[in-house]
Amino acid sequence: MAQDQVAFRMQLKAGNEEEYKKRHDEIWPELSKLLTEAGIHDYSIFLDKETLSLFAILRLKKENRNDQLPGEAIMKKWWDYMAPLMEVHPNNQPKTWPLTPIFRME
């Protein structure tokens, strides 16, 4: 099955590193299920401790509903929960900056 790889950056606010990790370690089962059902898998987030930039990379199944996630109630609830920890838009969706692929080896 064909897959697309997506990478983007987010920005954590100072002093929230441990709480951000804790909340993801305890990710809600219903959110995990929603992401999987939307066609997202192999999802990782990395932290640059110097800049507090978060680097996310995920794979999308060819048939996915990633673009519909912002309309889902559980997604909005997660954004509200995470908003105090990171830079967000007025609706609490995390601000993201796309990353351009430069090199990949499989």
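Positions within a chain are numbered from 1, following the residues in the order the chain's sequence is written. Local features in a predicted model are, by the rule used here, given only for residues with pLDDT of at least 70; side-chain atom pairs are given and counted only at 80 or more, and totals for whole chains, interfaces and linings are based on all residues. Side-chain calculation: all heavy atoms of the structure are included, whereas hydrogens and water are not.

Caption draft 1: Examining the packing of helix α2 (residues 29–37) against helix α3 (residues 73–82) more closely. For helices, the axis comes from a line fit to the C-alpha atoms of the stretch in contact; other axes are also lines fit to C-alpha atoms, and the angle between any two N-to-C directions lies between 0 and 180 degrees. The secondary structure listing takes helices from DSSP runs of H or I that are at least 4 residues long and strands from runs of E that are at least 2 residues long, numbered from the N terminus. The contact between α2 and α3 brings their axes to 10 Å, and the two run at 125°. Considering the angle they form, α2 stands oblique to α3. Handedness of the crossing formed by α2 with α3: left-handed. Every residue of α3 that contacts α2 at Glu 30, Leu 31, Leu 34 and Leu 35 is listed here: Ile 74, Met 75 and Trp 78. For classification purposes, angles smaller than 35 degrees are called roughly parallel, those larger than 145 roughly antiparallel, those between 65 and 115 roughly perpendicular, and all remaining angles oblique. When the near helix sits turned anticlockwise from the far one by under a right angle, the crossing is termed left-handed; a clockwise turn instead gives a right-handed crossing. Any pair of residues with heavy atoms lying within 4.5 Å of one another is described as a contacting pair.

Caption draft 2: Main features of the packing of aromatic side chains. Under the pairing criterion, centres of Phe, Tyr and Trp rings, with the six-membered ring standing for Trp, must be within 6.5 Å; the plane angle then separates stacked pairs below 30 degrees from edge-to-face pairs above 60, leaving the rest tilted. This structure, assessed with the given rule, holds three aromatic pairs. Centre to centre, the rings of Trp 78 and Tyr 81 are 5.5 Å apart; their planes meet at 55°, and the pair counts as tilted. Separated by three residues within a single helix, Trp 78 and Tyr 81 lie in helix α3, roughly one turn from each other. The buried label applies to any residue whose accessible area, calculated with a 1.4 Å probe on protein chains only, is under 20% of its type's maximum; exposed applies above 50%, and partly exposed to all values in between. Residue Trp 78 is classed as buried on the basis of its relative accessible area of 7%. Three or more aromatic residues joined by ring pairs form one cluster here, namely Trp 28, Trp 78 and Tyr 81. The criterion is that NZ of a Lys, or CZ of an Arg, lies within 6 Å of the ring centre and within 35 degrees of the ring normal, and then a charge sits over that ring. Above the plane of the ring of Trp 97 lies Arg 9, whose end atom (NZ or CZ) is 4.2 Å from the centre. Lying over the aromatic face of Tyr 81, Arg 23 brings its terminal NZ or CZ to 4.2 Å of the ring centre.

Caption draft 3: Representation of the pairing of strand β3 (residues 53–61). At least two DSSP bridges between two strands are needed for those strands to be called paired. By the bridge criterion, seven bridges tie strand β2 (residues 40–48) to β3 in an arrangement that is antiparallel. Paired with His 41 across the strands is Arg 59, a residue of β3. Counted between consecutive antiparallel strands, the loop separating β2 from β3 contains four residues, among which Leu 52 sits at a positive phi close to 65°.

Caption draft 4: Representation of α3 in the model. All of the buried residues in α3 are Ile 74, Met 75, Trp 78, Trp 79 and Met 82. Seen end-on, α3 carries its buried residues on one side only, within an arc spanning 145°. The inward-facing, buried residues of α3 contact α1 (17–25) and α2. The arc in question is traced by the directions running from the helix axis to the C-beta atoms.

Caption draft 5: The pattern of salt bridges, seen in detail. When a carboxyl oxygen of Asp or Glu is within 4 Å of a side-chain nitrogen of Lys or Arg, the pair counts as a salt bridge. In total, this model carries five salt bridges according to the counting rule given. Measuring nitrogen to oxygen at the nearest pair gives 2.9 Å for the salt bridge that ties Lys 21 to Asp 25. Of this pair, Lys 21 and Asp 25 both sit in helix α1, separated by four residues, roughly a single helical turn. On the basis of relative accessibility, which here comes to 51%, the residue Lys 21 falls in the exposed class.

Shape descriptors only; they carry no functional weight alone.
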